[in-house]
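# Summary of structural features
What follows is each chain in one-letter form.
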Amino acid sequence: MNKRLEILPDVFLTAEQSDKFKTGSLSLSLLRPLSRAEASANALIPAVLLRGCRGCPDIRAISAFLDDHCGASVGVLVRKKGEVQTTGFYSVFLEDCFSPDGSPVLAPVIDLLGRLLLEPVLEGGVFVPAWVEGERQNLLNTIDARINNKAGYAMSQMFKAMCAGEAYGVPRLGERADAEALTAEGLYGWYRQLLARSRVELFYHGRCPGEEVAELLRAALRELPRAVPDAYGTDASPRAGTVREVREQLDVTQGKLSMGFRLGCTAAEETYPAALVMNAVYGAGVTSKLFTNVREKMSLCYYANSSLEKFKGVMAVSSGIEFDQFDTARAEILRQLDAVRAGEISEAELEAARRSLLSSLKTGMDSPGRLEDYALGQVLLGRAGTMEDLARQVAAVTAEEAAAAARRVELDTVYFLEGVPS
């Protein structure tokens, strides 16, 4: 049973009481409008906060505290959902009733989260400079490492081109130049504003009643500064115009072809379940048209798959090809989409697509992390449905509804990562 409570001004708790697992979970997310100006700072702040707080002045003390409370864990959680960036913490802990010595776990963990967020260790009135520098270097390393995954890099570059001028084009962790410029003084100043100007969403999954969790959180966050929160949200994708083509050369042995499409709907709309099934028929999974035809039968791609971004309303195709197969692979990828648009969907394809989606949703219902992520997504979309509701809608999608969803899809951007001429 879900319970949603406003525990402080613009601080909301969604609590799902369940005895399904022996562990409970709790997330704390500050919601921000995605922008290059603050993306890297928002990504860095929770990592710095997790270095020490009142009562646990360093990483060793925090680790000892968590070990003493049945091996609880706390980690950084930075996400990009459409044009919203979330930053905060995620914690997993043993349920109180399973504590070996009967000592409480939930209350101390919530208290620790409050101290981590609101009572960091300071030096000279700002964050500890050495900690900021260490975590800043970790962030820079993560940003730099994006290029090592060439398929992911190609997708990121495609979306940058496709959404240039739109907030969605900003990477989840921001840009390297912005991360390089962060200082202990500047980061602490923004942190104080971040606390006051952000809506906070908390999600709890476990055995404790929602009202009791709310009381614990209200006490832990009572000193949270509050001001009118900054507006956030995602602008639905505009319709595609002239198709853009972008090429980039790197020292690679395999070409990476990424294609961005405007989906014509987001997950906030009633047609989204049909778009999910359409995507599964087209390119998501081993029974899809891209896999069985473009990869297996025609051997045009080393891999080919499609995916949806439900908040922004975009679809992306990612594929690995030989450099000289660009035109042929692009044409065949589009031809398979045309087949879906024309309703060339066999009963076997439709059933396999629905079965794959339902299996994924069932797996998600058994994962506290995915339940939390889905619940936050529903908040951002302004919807109240559960994974179970989505599963029922997916199961009812017809071939014609999937074809109609494909007819709303428009190609926007083609990006090709090719090798450097020898």
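Here, every reference points to the structure presented above.
### Describing the layout of surface pockets
- Considering only enclosed or pocket space, the largest pocket measures out at about 670 Å³ in volume.
- Forming the boundary of the largest pocket are 27 residues, of which Y272, L276, L308, K310 and R370 lie nearest the centre.
- When residues of the lining of the largest pocket are traced back to their parent elements, those giving at least two are helix 5 (150–162), helix 9 (272–282), strand 11 (303–309), strand 12 (314–321), helix 12 (347–365), helix 13 (368–381) and helix 14 (387–395).
- Taken as a whole, the second largest pocket spans an internal volume of roughly 580 Å³.

### A look at the side chain of T413
- Structurally, T413 is set in strand 13 (residues 410–419).
- Among the polar contacts made by the side chain of T413, one reaches the side chain of D412 at a distance of 2.6 Å.
- Those residues in contact with T413, other than ones at most four positions away along the chain, are M158, A161, M162, R244, S258, M259 and G260.

### A look at the sheet that holds strand 1 (residues 2–8)
- Spatially, six strands are ordered 1-2-8-3-5-4 in an open sheet, and the strand pairing comes out mixed. Sheet topology places strand 1 and strand 4 (73–81) at the edges, where each strand pairs with a single neighbour. On average, each strand axis in the sheet is inclined to that of its neighbour by 20°, with strand direction left out of account.
- Two elements, strand 1 and strand 2 (residues 11–17), share six bridges in a ladder whose sense is antiparallel. What sits directly across from L5, in strand 2, is L13.
- Of the strands in this sheet, strand 3 (23–33), strand 4 and strand 5 (84–94) are in contact with helix 1 (residues 36–49), which crosses strand 5 at around 20°.

Conventions we followed
- Residues numbered from 1 in each chain as written.
- Predicted model: local features only at pLDDT ≥ 70, side-chain atom pairs only at ≥ 80, totals over all residues.
- Heavy atoms only, no water.
- 1 Å grid on protein atoms, 1.4 Å probe; cavity = no way out; pocket = protein on both sides within 12 Å on 5 of 7 lines; lining within 4 Å.
- Points joined across faces, edges and corners; volume = space filled by probe spheres on them.
- Helix = DSSP H or I, 4+ residues; strand = E, 2+ residues; numbered from the N terminus.
- Polar contact = N/O pair within 3.5 Å; in protein donor to acceptor, adjacent residues only side chain to side chain.
- Contact = heavy atoms within 4.5 Å.
- Pairing = 2+ DSSP bridges.
- Axes fitted to C-alpha atoms, helices over the stretch in contact; angles between N-to-C directions.

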